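Residue strings, one per chain:
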Amino acid sequence: TLTNATFTKSYTNNSTYIIPGTLTITGTTLTNNGTLTVTTALSGTGGLTQGAGATLNITGTSGITTLTATASPNTVNYNGAAAQTIKATTYDTLKVNNTAGATLGGVATLTTLTIGDITTNSIFSDGGFTITPQAGSVLNLTSGTYKLGSAGTATTFPAYTTINIASGTTVEYASAAAQTVSAT
């Protein structure tokens, strides 16, 4: 466990680290091949690259300039207790385990979206931004709510290849603008 950490030179994590404070990466790239949990903030002008098999748990904010999460498989899990903004990027596996809600901060491309597999009644919102599913994409709505659209922006249900929606979950068309309800 490191309270706060600042990286200004490249580093590769092959272990498990919990950072209860802020992880700052400036002017370089940190490669995560293990499990990294950041509880307060992931920040800096550098980048974090997820390796194959890596897990990144973000329980606070993610304001880092570059997050590369395309290696297969890898998981980025937004699992805070307060509302979170999800970094707009490409994800292999994006998980949301947050009952206060996690909202996309911009357009995203992903292979797998899992909502509420660990924390029941989790809330994911696309924030009115488009999600582009990759080939072979999967939606797992295990427990909670998937919100489509924002107050002024209508979005459509993405064309996931496989859709797993558990009983008792909700897909909410949340925009004040007209939205087309998916038949899927």
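Residues numbered from 1 in each chain as written. Predicted model: local features only at pLDDT ≥ 70, side-chain atom pairs only at ≥ 80, totals over all residues. Heavy atoms only, no water.

Colleague: Is there a simple way to think about the overall build of the protein chain in this case?
Modeller: In terms of regular secondary structure, the protein chain is built from zero helices and 21 strands. A compact globule built from 184 residues should have a C-alpha radius of gyration of about 16 Å, and the protein chain, at 16 Å, falls within 12% of that. Along the first, second and third principal axes, the C-alpha set of the protein chain runs to 50 × 30 × 25 Å. In the protein chain, buried positions account for 47% of the 184 residues. Long-range contacts, defined as pairs at least 24 residues apart, comprise 25% of the intrachain contacts of the protein chain with a sequence gap of at least 6. Element-wise, carbon and sulfur atoms account for 51% of the exposed surface of the protein chain, whose accessible area totals about 7800 Å². One way to put it: in the protein chain the 4 positive side-chain charges average out to a point 14 Å from where the 4 negative ones average out. (Helix = DSSP H or I, 4+ residues; strand = E, 2+ residues; numbered from the N terminus. Rg over C-alpha atoms; globule rule 2.2 N^0.38 Å. Buried < 20%, exposed > 50% of the residue type's maximum accessible area, 1.4 Å probe, protein only. Contact = heavy atoms within 4.5 Å. Areas by Shrake-Rupley, 256 points an atom, 1.4 Å probe, with all protein chains shown as cover. Lys, Arg positive; Asp, Glu negative; His and termini not counted. Charge placed at Lys NZ, Arg CZ, Asp CG, Glu CD.)

Colleague: When you look at the side chain of Gln84 in this model, what are you seeing that I'm missing?
Modeller: Looking at where Gln84 falls in the secondary structure, it is placed in strand β13 (residues 84–86). Within polar-contact distance, the side chain of Gln84 engages the backbone oxygen of Gly60 at 2.8 Å. Apart from residues lying up to four places away in sequence, Gln84 is in contact with Ile58, Thr59, Gly60, Tyr78, Asn79, Asn98, Gly101, Ala102 and Thr103. (Polar contact = N/O pair within 3.5 Å; in protein donor to acceptor, adjacent residues only side chain to side chain.)

Colleague: Explain the nonpolar core to me, please; I cannot follow it from the model alone.
Modeller: In a soluble, globular protein the nonpolar side chains are often hidden away together inside. If you look at the biggest cluster of nonpolar residues, it comprises 35 residues, and the most contacted ones within it are Leu23, Leu48, Phe124 and Tyr146. With four residues, strand β16 (residues 108–115) is the single largest residue contributor to this core. Those residues in contact with Phe124 that sit more than four places away from it in its chain are Ile86, Leu94, Val96, Ala102, Leu104, Leu113, Ile115, Ile131, Thr145, Tyr146 and Lys147. (Core = buried A, V, L, I, M, F, W, Y, C linked by side-chain atoms within 4.5 Å.)

Colleague: Help me understand the sheet that holds strand β15 (residues 102–104), please; the structure alone is not making it clear to me.
Modeller: Backbone-to-backbone hydrogen bonds pair the strands of a sheet. The strands run either parallel or antiparallel. Pairing within the open sheet is parallel, and its five strands lie in the order β13-β15-β17-β19-β21. Looking at the sheet topology across the chains shown, the edges are occupied by β13 and β21 (170–173). Across this sheet, the average inter-strand angle for adjacent strands is 20 degrees, counted without regard to direction. Note that β15 and strand β17 (residues 122–125) share two bridges and pair parallel. (Pairing = 2+ DSSP bridges. Axes fitted to C-alpha atoms, helices over the stretch in contact; angles between N-to-C directions.)

Colleague: What's the story with the sheet that holds strand β10 (residues 61–62) in this structure? I'm lost.
Modeller: Here four strands make up an open sheet; going across it, the order is β1-β4-β7-β10 and the pairing parallel. Whereas interior strands pair on both sides, the edge strands pair on one side only; in this sheet they are β1 (5–7) and β10. Of the strand pairs in this sheet, strand β4 (residues 22–25) and strand β7 (residues 41–43) are connected by three bridges, and their pairing is parallel. Note that in β7 the partner of Thr22 across the bridge is Ala41.

Colleague: In this structure, what is going on with the packing of aromatic side chains? I would like to understand it.
Modeller: Think of a pair of aromatic rings as described by two things: how far the centres are apart, and how the planes are tilted against each other in angle. According to the stated counting rule, one finds four aromatic pairs in the structure shown. With a centroid separation of 5.8 Å and 35 degrees between ring planes, the pair formed by Tyr146 and Phe157 is classed as tilted. One end of the pair, Tyr146, is in strand β19 (residues 144–148); the other, Phe157, is in the loop between β19 and β20 (162–165), with eleven residues separating them in the sequence. By relative accessible area, Tyr146 is classed as buried at 0%. (Phe/Tyr/Trp six-rings, centres within 6.5 Å; stacked < 30°, edge-to-face > 60°.)

Colleague: What is the right way to read the pairing of β4 from this model?
Modeller: For a regular strand, side-chain orientation follows a simple rule: the groups alternate between the two sheet faces. Pairing of β1 with β4 involves three bridges; the strand directions are parallel. Of the residues in β4, the one forming a bridge with Ala5 is Leu23.

Colleague: Looking at this structure, I do not really get the environment of Thr65. What am I missing?
Modeller: Tracing the chain through its elements places Thr65 in the loop between β10 and β11 (66–68). Judged by its relative accessible area of 46%, Thr65 falls in the partly exposed class. Once residues lying within four places of it in the same chain are set aside, the contact partners of Thr65 are Gly44, Thr45, Gly46 and Lys87.

As far as function goes, none of this settles anything; it's purely spatial.
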